[in-house]
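Tertiary structure, described
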There are 2 protein chains.
Amino acid sequence: MEIYPIGTIHTGFSTLDDCPPTPGLKDGTARIEVFAPFRDGLYNFSAEEVDVLYWFDKAPRDRLRSATPHDGVERGVFAMRSPHRPNPIALSRVRVIKADDTGLTVDALDCLDGTSLIDLKPVRINRNTVGKK
Amino acid sequence: MEIYPIGTIHTGFSTLDDCPPTPGLKDGTARIEVFAPFRDGLYNFSAEEVDVLYWFDKAPRDRLRSATPHDGVERGVFAMRSPHRPNPIALSRVRVIKADDTGLTVDALDCLDGTSLIDLKPVRINRNTVGKK
């Protein structure tokens, strides 16, 4: 099954050591830029939270267990949210600060500057702001 | 970017007309079967909710706008959770009813019987049930 980047994520983190282990742990924001051919997909965006799917291209895909930094307990990769997993799709639910025609500004994400964006899904559509009949 | 199925989802729905438009709208449960080579990834699973990623193989990928059945308003595909999107990855956050060595039983999902599973991510790990030191 083939997927492809629909945009890119701009963060202040240029090395893995800079990246926070989970979203929201560092102050600041991330800018999610949707590539031009896909920008019409942002039409009428209105939500306070969004699920962001992105690609951890540096994560090993052949590991099925890992120990979390939080408690040192070994768990399977489907029992934790580690980047190490057979399909290294990252998922973060973050607050939307600003939505415009080219992308979203959201709370700080846990990924490198230039990470590939796979999808955006609003958590709950705000139905009061557009298309009132 | 290549992804592959790590399991399959068993639901009672054999046609798209049977499927509810969102998870949790129908009574019943879904069984998430993880394929044998990936089952070690379930080791020490303990969570009350899980984010399930799966593949809407029948969804058109070239559509950037759609109207929701809920209010008839046209929105971009990144402004809604429609299956129609460039990367047709479905994401549902559902309650875990049972976790065992071969998979999970969860609240009803909005997909066809036999849908390909991509990933499982616990929403919050229950740290009190395993590995207490």
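Located above this text is the structure these notes cover.
First, a word on what this report is: a plain description of the structure on this page. Note that the structure is predicted; figures quoted are calculated from it, not measured.

A few points about the interface of chain A and chain B
Contacts between the two partners involve 53 residues from chain A, matched on the other side by 53 residues from chain B. Of the roughly 5100 Å² buried between chain A and chain B on both sides combined, carbon and sulfur atoms contribute 55%. At the junction of chain A with chain B, the criterion picks out eight salt bridges. Among the salt bridges present, the one from R65(B) reaches D40(A), with a minimum N-O distance of 2.8 Å. Here chain A and chain B share 34 residue pairs in polar contact (both at pLDDT 80 or more) between them.

Details of the pattern of salt bridges
Evaluated as defined, the whole model comprises 28 salt bridges over all chains. Where D100(A) meets K98(A), a salt bridge forms, and the shortest distance between an N and an O atom there is 2.7 Å. Its relative accessible area of 23% is what places D100(A) among the partly exposed residues. Given the relative accessible area of 44%, K98(A) is considered partly exposed. Two residues, K121(B) and D119(B), come together in a salt bridge whose shortest N-O distance is 3.0 Å. Take K121(B) and D119(B): they sit in the same class, and that class is buried. Salt bridges linked by common partners bring R31(A), K98(A) and D100(A) together as one network.

Concerning the relation of the copies chain A and chain B
If you rotate chain A by 180° and push it 0.0 Å along the axis, it lands on chain B with an RMSD of 0.0 Å. In short, the pair behaves as if placed about a two-fold rotation axis. Considering only C-alpha atoms, the residue of chain A closest to the rotation axis is E2(A), which sits at 2.4 Å. Comparing interface residues between copies, 98% of those in chain A also sit at the interface in chain B, which points to an isologous, same-surface contact.

What counts and how
Residues numbered from 1 in each chain as written. Chains lettered and ligands numbered in written order. Predicted model: local features only at pLDDT ≥ 70, side-chain atom pairs only at ≥ 80, totals over all residues. Heavy atoms only, no water. Contact = heavy atoms within 4.5 Å. Buried area = accessible area lost by both parts, 1.4 Å probe. Salt bridge = Lys/Arg side-chain N within 4 Å of Asp/Glu carboxyl O. Polar contact = N/O pair within 3.5 Å; in protein donor to acceptor, adjacent residues only side chain to side chain. Buried < 20%, exposed > 50% of the residue type's maximum accessible area, 1.4 Å probe, protein only. Least-squares fit on C-alpha atoms with pLDDT ≥ 70 in both.

From the geometry alone we can't say anything about function, so treat these as descriptive.
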